[in-house]
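# A structural walkthrough
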Amino acid sequence: VIHVSIRSGKDVLVVDYSGSSPQLEVPVNAVYGVTVSSTAFALKAALDPDLPFNYGFFGAVVITAPPGSVVNPVKPAPVSAGNVETSQRIVDVVFRALAEPLDLPAASQGTMNNILFGGKNWAFYETIGGGAGANRNADGVSAVQVNMTNTLNTPAEVIEAQYPLRVTAYRIREASGGSGLFRGGDGIEREFQVLEPCTLTVVGDRSRHPPWGVKGGGNGACSEYWLMKGDRAFRLLSKQSIKLEKGSKVKILTPGGGGYGRPS
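Predicted model only: the values in this text are computed from it and were never measured. Each chain has its residues counted from 1, running along the sequence as written. Side-chain atom pairs in this predicted model are given and counted only at pLDDT of 80 or more, local residue features only at pLDDT of at least 70, and totals for whole chains, interfaces and linings cover all residues. Side-chain metrics rest on all non-hydrogen atoms present in the structure, leaving aside hydrogens and water.

### Quick look at the overall build of the chain
Quick note on the threshold: Numbering of helices and strands runs from the N terminus; a helix is a DSSP stretch of H or I covering at least four residues, while a strand is a stretch of E covering at least two. Note on contacts: a residue pair qualifies if any of its non-hydrogen atoms lie within 4.5 Å across the two residues. By the counting rule applied here, Lys and Arg register as positive and Asp and Glu as negative, while His and the ends of each chain are not counted. Taken as the charge centre is NZ of Lys, CZ of Arg, CG of Asp or CD of Glu, depending on the residue.
Along the chain, the regular secondary structure elements total four helices and twelve strands. By principal-axis analysis of the C-alpha atoms, the chain measures approximately 60 × 55 × 30 Å. In the chain, 73% of the contacts between residues at least 6 apart in sequence involve partners at least 24 apart. For the chain, the separation between the mean place of its 25 positive charges and that of its 22 negative charges on side chains is 4 Å.

### Details of the pattern of salt bridges
For the record, the criterion: Any Lys or Arg side-chain nitrogen located within 4 Å of an Asp or Glu carboxyl oxygen qualifies as a salt bridge. For each residue, the accessible area found with a 1.4 Å probe, counting protein chains only, is set against the maximum for its type, and the residue is called buried under 20%, exposed over 50%, and partly exposed in between.
Within this structure, the stated rule accounts for twelve salt bridges. Between D92 and R89 there is a salt bridge; the shortest N-O distance is 2.5 Å. Of this pair, D92 and R89 both sit in helix α3 (residues 82-102), three residues apart, which is roughly one turn of the helix. Owing to a relative accessible area of 5%, D92 belongs among the buried residues under this scheme. Taking the shortest distance from any N to any O, the salt bridge between K215 and E100 comes out at 3.6 Å. Of this pair, K215 sits in the loop between β8 (198-203) and β9 (224-229) while E100 sits in helix α3; the two residues are 115 residues apart in sequence, bridging distant segments of the chain. Where salt bridges share partners, they join R89, D92, D205, R206 and K239 into one cluster.

### Thoughts on helix α1 (residues 32-47)
We count it as follows: Helix span is expected to be 1.5 Å times the residue number reduced by one.
Between its first and last C-alpha, α1 extends 22 Å over 16 residues, near the 22 Å set by a 1.5 Å rise per residue. Taken residue by residue, α1 has V34, T35, V36, S38, T39, A40, A42, L43, K44 and A46 as its buried positions. On its buried face, α1 sits against β2 (13-16), α2 (55-60), β3 (61-64) and α3.

### What to know about α3
Keep this limit in mind: Two axes define the bend at a residue: one fitted to the seven residues ending there, one fitted to the seven starting there, and the bend is the angle between them.
Considering bend angle alone, the principal kink of α3 is centred on R96 and spans about 30 degrees. Just downstream of α3 lies D103, where phi reads positive at about 50 degrees.

### Concerning the packing of aromatic side chains
Applied cut-off: For this analysis, a ring pair means two rings from Phe, Tyr or Trp (six-membered ring only for Trp) whose centres lie within 6.5 Å, classed as stacked if their planes differ by under 30 degrees, edge-to-face if by over 60, and tilted for the remaining angles. Ring-over charges, as used throughout, are those where CZ of Arg or NZ of Lys falls within 6 Å of the ring centre and within 35 degrees of the ring normal.
Tallied over the full model, the rule gives eight aromatic pairs. A centroid spacing of 5.7 Å and a plane angle of 55 degrees characterise the contact between F53 and F58, whose relative ring orientation is tilted. For the cation-ring pair, R96 lies above W212, with the distance from its terminal atom to the ring centre recorded as 4.6 Å.

### Focus: the pairing of strand β5 (residues 122-126)
What counts, and what does not: Pairing between strands is defined by DSSP: at least two bridges between the two strands are required.
Residues W122, F124 and E126 line the buried face of β5, whereas the alternating positions A123 and Y125 sit on a face that is not buried. Judged from the five bridges that link them, strand β4 (residues 114-119) and β5 form a sheet pairing that is antiparallel. Considered in β5, the bridge of G118 is made with A123. In sequence, β4 turns back onto β5 through a hairpin of two residues, with N121 there showing a positive phi of about 70 degrees.

### Structural notes on the environment of F53
Take F53: it is sitting in the loop between α1 and α2. For the pair F53 and F41, spaced twelve residues apart in sequence, the C-alpha separation works out to 9.4 Å. Apart from residues lying up to four places away in sequence, F53 is in contact with A40, K44 and F58.

### Points about the sheet that holds strand β12 (residues 249-253)
Operational definition: Axis angles are defined between N-to-C directions and span 0 to 180 degrees, where every axis is a line fitted to C-alpha atoms and, for a helix, only to the segment in contact.
Within the open sheet, the five strands sit side by side as β6-β7-β12-β9-β10. Their pairing is antiparallel. Each edge of the open sheet is held by one strand with a lone partner, namely β6 (165-173) and β10 (232-235). Between one strand axis and the next, the sheet turns by 20 degrees as a mean value, whatever way the strands run. The pairing of β6 with strand β7 (residues 187-194) spans eight bridges and is classified as antiparallel. The residue of β7 that forms the bridge with A169 is E191.

### With respect to the side chain of S69
The condition is simple: Within 3.5 Å is the distance limit for a polar contact, defined as a pair of N or O atoms, with the added protein rule that one can donate a hydrogen and the other accept it, and that residues adjacent in sequence qualify only through two side-chain atoms.
When you line up the elements, S69 lands in the loop between β3 and α3. The exposure class assigned to S69 is buried, which follows from its relative accessible area of 3%. Side-chain polar atoms of S69 contact the backbone oxygen of P66, separated by 2.6 Å.

In C-alpha cells form, the structure reads like this:
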C-alpha cells in the first residue's frame, strides 16, 4: 500500500507518505530518490507542466517518506522493480489525491509491462505501452507510454532479425479504454512465439486494480499476461519468471486508460 497526504504548509507544499506499507522482501521497494523523482514529476505535470524544474522547485516542496517503508527502504532491500513499477504507483496516488480539486485526467495504464526473454547467449527486454486517461476535453490516446517512462516500441522486424523470437500479433487492444463522455485510450496486444527454449520474466502491474475513471467515467481494462501451449492457455501472474519450451507463445494485453465523465 502506498499512502499519500498533500497539504499546504508555510510557503511550502508538503507531500507525506506516512502510512505506506513497510518495506518488502520482494523487489518492489522504491528508494527515496525514485520516490522524490516520481513525486516531482506528478506535481509538475498536475500543477504546471511548464514550471521550471530547478532548485527553487524543491525549496517549495517537502517530501517525507518513513525510513523502512516501501517508498524509502533501508539497506539491504530488493529494489529492482521500484524504479519501473512502484514509481508508477507513486505517480498514480499523487494524481488521485489531486484529481478532484484540480480536475485532472483519468488514470493512465499505470504500468510499464516489462517483458524479458533470455536464452543461451541472448537476452531481450522491452516495455510495452497502453492507454492514456481521458480528460475534460478529449479522449485518451491509445497505445502510448505514460507517466514515468521514456522508451519506444521495438519494431517486430528488429526483434525477428536479432532474436529467436517471432512477433505473431501486434495491435491495439480494442475497447480496453474506459467508457465516458470522453473515452480512455486503448491498450496494446502484443504476442511472441519463442523459437528455442528460454526463460520469460514478467514485471507488470494493474492486473487486479484497473486504471480509474473520473467524473463518472468507467475504468480501463486490467492487464493480462498469458502463456499458450498448443490449444491451452495459462494466465500468468503480473510478476513471474518461468521456463518456456520451443514454440510457446506469450500474449501481453496492456491496460486501457480510464474514462472521463458520464456518457451522454
